[in-house]
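Single-letter residue listing:
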Amino acid sequence: MSPNDLLPRFKAQYDANNQEFSISGVVRPQAIDELGPSIALLRDAIGRVRGVLYVNVRRLTQMNNAAFHAFSRIIIDACRARPDLKFVVITSSVVGWTSRKFGRLSGIEPNVTVEEYDSQFYPGQGFLEEGGFVPILRTQTKMTWRHERAILPRHGMRPGIVMADICCGIGDFAVLVQKEFQPSRIVALDHSISSLNYARRVMREFDIRGIEYTYGDASEMLLDEAQFDLVTCRHSLQIFNRPELILKELYRICKPGGRVYITNEKNSHCLGEPRAESIRWTYNEVAKLFGHFEMDVELGPKSRRYLMEAGFEDIRVETFMVTNLDGDPQDFADVIAAWADVYAGEMATRRGDGPEFVARFRQGFQDHIFAALHPKGYAGWPIWVASGRRPQ
Amino acid sequence: MGPVHHDLAGEPTFEPMIQIDMEIRTFVSAWRHCDYVSTYMARMISQNRSDSVRHSNLFSSAFNELLEVAFRTRHADGALACRVSRHGATDRIELTFPCLPEERQFYEEAVSQVAGFEARERYLNSVSGDLAPSREIVLLELAVDYNATLRVEEADGDAIKLVVDLPLEGLQH
């Protein structure tokens, strides 16, 4: 028996402000006595609350039947003793068994409801996940890859490593990395089922090996800690309202001595000539629009601070500019047109912008396209790259 | 996926993936062995599933319950054998462990009831009941929550073999 055997591997907490009892980790007791303090905490919480008690099992990785029965009994008894009290069990679709198992409780007691948390996870990301966006995401990756393939080795990428690509989207970056650098294993995680289905289809059609696509929540991953030499997370912290939570998880799964690599934008620095003023105005407005939906597309230069505050060392930051001169200028123009459709379309409408604003907003994108396709024009999209090493 | 093979009896051929054998005395010396074995084997066999991390979590969850059943055997001698094989989307666990003759009869009855149409109702009754879940209820739960099919097979000596088919790929997103 190792000393670790004696450590509890689960944690129970009660948050009085939110009337929320949460239990997380691996709960596999041999005898119910081992759960004594947690059960007492739940009983105590039930005694204190009015209205609704939230039971949060989102981070519950495993729970055996003995423990499930013990907690269920207390909830069912409380429903019968206090008909005024409602229970909302919050599960995660990432942990496949929780919704099925806890879902049974609502069949026994109508005062118990079970909600899956993940549908509300990324407040604004639904805008960017519709099927029509896939070709544009591929084009974006093609444009950034021209730069990143040279940059990545300075941030820990090398053949044979074990890496994770968190918020992998449609998986195209993982595929390019696999072909170029031959890591021994890539785990690619995203919370979008449609994106993962696309990624798996590509993997099958092109007979790509060595990538494991997995469904998950970047801020609460099922992945074990300290197992990756390099963890990449591209263009994602900026569309998450609590980037520090994701960074904490990236740190956790990274090996000591390994590196975490992030890329982000500063949208207000997109530029073009001619028609620079119109372009600048529109991209300033893009930053404000994303801000309205709790996303910070100005995060790029803040990467250094975020990495330092997450505990990383040896932080490296650099920038690159995707331009109309990198490849086919039409690719650049297509990407801008897709941005215009979403930003000046659904997002502006959702914010309640009037037609006058939308017309001016859209014009800036048109001018950016004009600059990209102009024979003497220049159009740019700046990206900030940053990485930090997890201390040994 | 490769061609589907069938044996002469018409049942699809399950390809062996991994097997762990232990003395039952060693196994029952620490409760944590259930967790260790289920977690380790789940990781090993899930690598080439469409979502390895989620599959591993689900498999470990189901397999741990079976190992906890075996842990409670009252027979102190013999060996525990855990074997996992695969056919398409289904993983088969064959768990062989020593048991007394009366325990064998209990398992045969429990498994026959798992297949009954009222299995779900009996499981719900057990959740709302006062008693801690029995081994029978644990087997029922595998059928209800994991769509498992179970059967008991002959094993040499004072032993029993539980055969559990888990179609976990179908439970994935």
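Computed from a prediction, not measured in an experiment: that's the story for all the values here.

### Here we look at the overall build of chain A
When its secondary structure is counted, chain A shows 11 helices and 14 strands. For the C-alpha atoms alone, the extent of chain A along its principal axes is close to 75 × 50 × 40 Å. Within chain A, the fraction of its 392 residues that count as buried is 57%. Residue pairs in contact within chain A that sit at least 24 positions apart in sequence constitute 80% of those at least 6 positions apart. When the accessible area of chain A is evaluated, it comes to approximately 16,500 Å², of which 50% is carbon and sulfur surface. Counting 48 positive and 49 negative side-chain charges, chain A places the centres of these two groups 3 Å from one another.

### Brief notes about the overall build of chain B
Scanning chain B from N- to C-terminus turns up 6 helices and 5 strands. Reading chain B from its N terminus to its C terminus gives the helix and strand order β-α-α-α-β-β-α-α-α-β-β. Computed over its C-alpha atoms, the radius of gyration of chain B comes to 16 Å, within 12% of the 16 Å expected for a compact globule of 173 residues. With the C-alpha coordinates aligned to their principal axes, the bounding extent of chain B is approximately 45 × 35 × 35 Å.

### Side note on the interface of chain B and chain A
Counting from both sides, the interface comprises 41 residues of chain B and, opposite them, 40 residues of chain A. Summed over both sides, the interface of chain B with chain A buries roughly 3,400 Å², with 44% coming from carbon and sulfur. Across the chain B-chain A interface, the total number found is 6 salt bridges. In this structure, D35(B) engages R9(A) in a salt bridge whose closest nitrogen and oxygen atoms are separated by 2.5 Å. Linking chain B with chain A are 29 residue pairs in polar contact (both at pLDDT 80 or more). When residues of the side of chain B that touches chain A are traced back to their parent elements, those giving at least two are helix 2 (32-46), helix 3 (52-71), helix 5 (119-128) and helix 6 (135-146) of chain B. Broken down by element, the side of chain B that touches chain A gets its largest block of residues, 11 residues, from helix 3 of chain B.

### Points about a nonpolar patch on the surface
Residues L271(A), L325(A) and Y378(A) make up a contiguous nonpolar surface patch of roughly 270 Å² in combined accessible area. Tracing the chain through its elements places L325(A) in the loop between strand 13 (313-323) and helix 10 (329-351).

### Focus on the packing of aromatic side chains
In total, this model carries 19 aromatic pairs over all chains according to the counting rule given. With a centroid separation of 5.1 Å and an interplanar angle of 85°, the aromatic rings of F290(A) and Y343(A) are classed as edge-to-face. Of this pair, F290(A) sits in helix 8 (residues 276-292) while Y343(A) sits in helix 10, and the two are 53 residues apart along the sequence. Here the two residues F290(A) and Y343(A) agree in accessibility, since each one is buried. Look at F59(B) and F63(B): their rings are 5.6 Å apart centre to centre, the planes differ by 55°, and that puts the pair in the tilted class. Taken together, the residues span about one helical turn, with F59(B) and F63(B) both in helix 3 at a distance of 4 residues. A residue is classified by how much of its surface remains accessible, and F63(B), at 0% relative accessible area, is buried. Pairwise contacts between aromatic rings join W281(A), Y283(A), F290(A), W339(A), Y343(A), F357(A), F361(A), F365(A) and W381(A) into one cluster. Its guanidinium or amino end placed over the ring of F173(A), R234(A) lies 4.0 Å from that ring's centre, counting from NZ or CZ.

### Considering the side chain of H368(A)
Within the fold, H368(A) resides in helix 11 (residues 355-373). For H368(A), the side chain forms a polar contact with the side chain of Y283(A), separated by 2.7 Å.

### Comments concerning the environment of L142(B)
Residues and elements named next belong to chain B. Along the chain, L142 falls in helix 6. Sequence separation of L142 and L166 is 24 residues, and the distance between their C-alpha atoms is 8.6 Å. With residues up to four places along the chain from it excluded, the contact list for L142 reads A62, L66, N147, A148 and L150.

### Overview of the pattern of salt bridges
In total, this model carries 46 salt bridges over all chains according to the counting rule given. Note that R25(B) is salt-bridged to D77(B), the shortest N-O span being 2.8 Å. Within this pair, whereas R25(B) is found in helix 1 (residues 24-27), its partner D77(B) is found in the loop between helix 3 and strand 2 (79-87), the two being separated by 52 residues in sequence. Judged by relative accessible area, which is 53%, R25(B) ranks as exposed. Residue classification places D77(B) among the partly exposed positions, given a relative accessible area of 43%. Among the charged side chains, a salt-bridge network with shared partners connects R259(A), E313(A), D314(A), R316(A) and R389(A).

### With respect to the confidence of the model for chain A
Overall, the prediction assigns chain A a mean pLDDT of 92, with 94% of residues at 70 or greater. The low-confidence segment residues 119-124 of chain A, where pLDDT is below 50, has 14 contacts with residues more than four positions distant or belonging to other chains.

### Quick notes on the state of the cysteines
On inspection of all chains with the given rule, the structure shows 0 disulfides over all chains. Here C233(A) is not cross-linked by a disulfide; its sulfur's nearest cysteine counterpart is in C167(A), at 4.1 Å.

### Some remarks on the pairing of strand 3 (residues 52-56) of chain A
Bridge count for strand 2 (residues 20-27) of chain A against strand 3 of chain A is 3 bridges, and the pairing is parallel. By the bridge assignment, S22(A) is partnered in strand 3 of chain A with N56(A).

### Brief notes about the domain arrangement of chain A
Residue and element names in this part refer to chain A. Segmentation of chain A into domains returns domain 1 (3-120) and domain 2 (125-389). Computed over C-alpha atoms, the centres of domain 1 and domain 2 are 37 Å apart. Each partner contributes to the interface: domain 1 provides 8 residues, whereas domain 2 provides 7 residues. Between domain 1 and domain 2 lies a buried interface of about 710 Å² when both sides are counted; carbon and sulfur atoms form 51% of it. Run the count over domain 1 and domain 2 and you get 2 salt bridges. Inspection of the region where domain 1 meets domain 2 yields 2 residue pairs in polar contact (both at pLDDT 80 or more). Residues of the side of domain 1 that touches domain 2, tallied by class, amount to 3 nonpolar, 2 polar and 3 charged.

Rules used throughout
Residues numbered from 1 in each chain as written. Chains lettered and ligands numbered in written order. Predicted model: local features only at pLDDT ≥ 70, side-chain atom pairs only at ≥ 80, totals over all residues. Heavy atoms only, no water. Helix = DSSP H or I, 4+ residues; strand = E, 2+ residues; numbered from the N terminus. Buried < 20%, exposed > 50% of the residue type's maximum accessible area, 1.4 Å probe, protein only. Contact = heavy atoms within 4.5 Å. Areas by Shrake-Rupley, 256 points an atom, 1.4 Å probe, with all protein chains shown as cover. Lys, Arg positive; Asp, Glu negative; His and termini not counted. Charge placed at Lys NZ, Arg CZ, Asp CG, Glu CD. Rg over C-alpha atoms; globule rule 2.2 N^0.38 Å. Buried area = accessible area lost by both parts, 1.4 Å probe. Salt bridge = Lys/Arg side-chain N within 4 Å of Asp/Glu carboxyl O. Polar contact = N/O pair within 3.5 Å; in protein donor to acceptor, adjacent residues only side chain to side chain. Patch = residues over 30% accessible without salt bridge, like charges linked within 9 Å, V, L, I, M, F, W, Y side chains within 5 Å. Phe/Tyr/Trp six-rings, centres within 6.5 Å; stacked < 30°, edge-to-face > 60°. Lys NZ or Arg CZ within 6 Å of the ring centre and 35° of its normal. pLDDT = per-residue confidence, 0-100. Disulfide = S-S within 2.5 Å. Pairing = 2+ DSSP bridges. Domains from an automatic or database assignment. Nonpolar A, V, L, I, M, F, W, Y, C, P; charged D, E, K, R; others polar.

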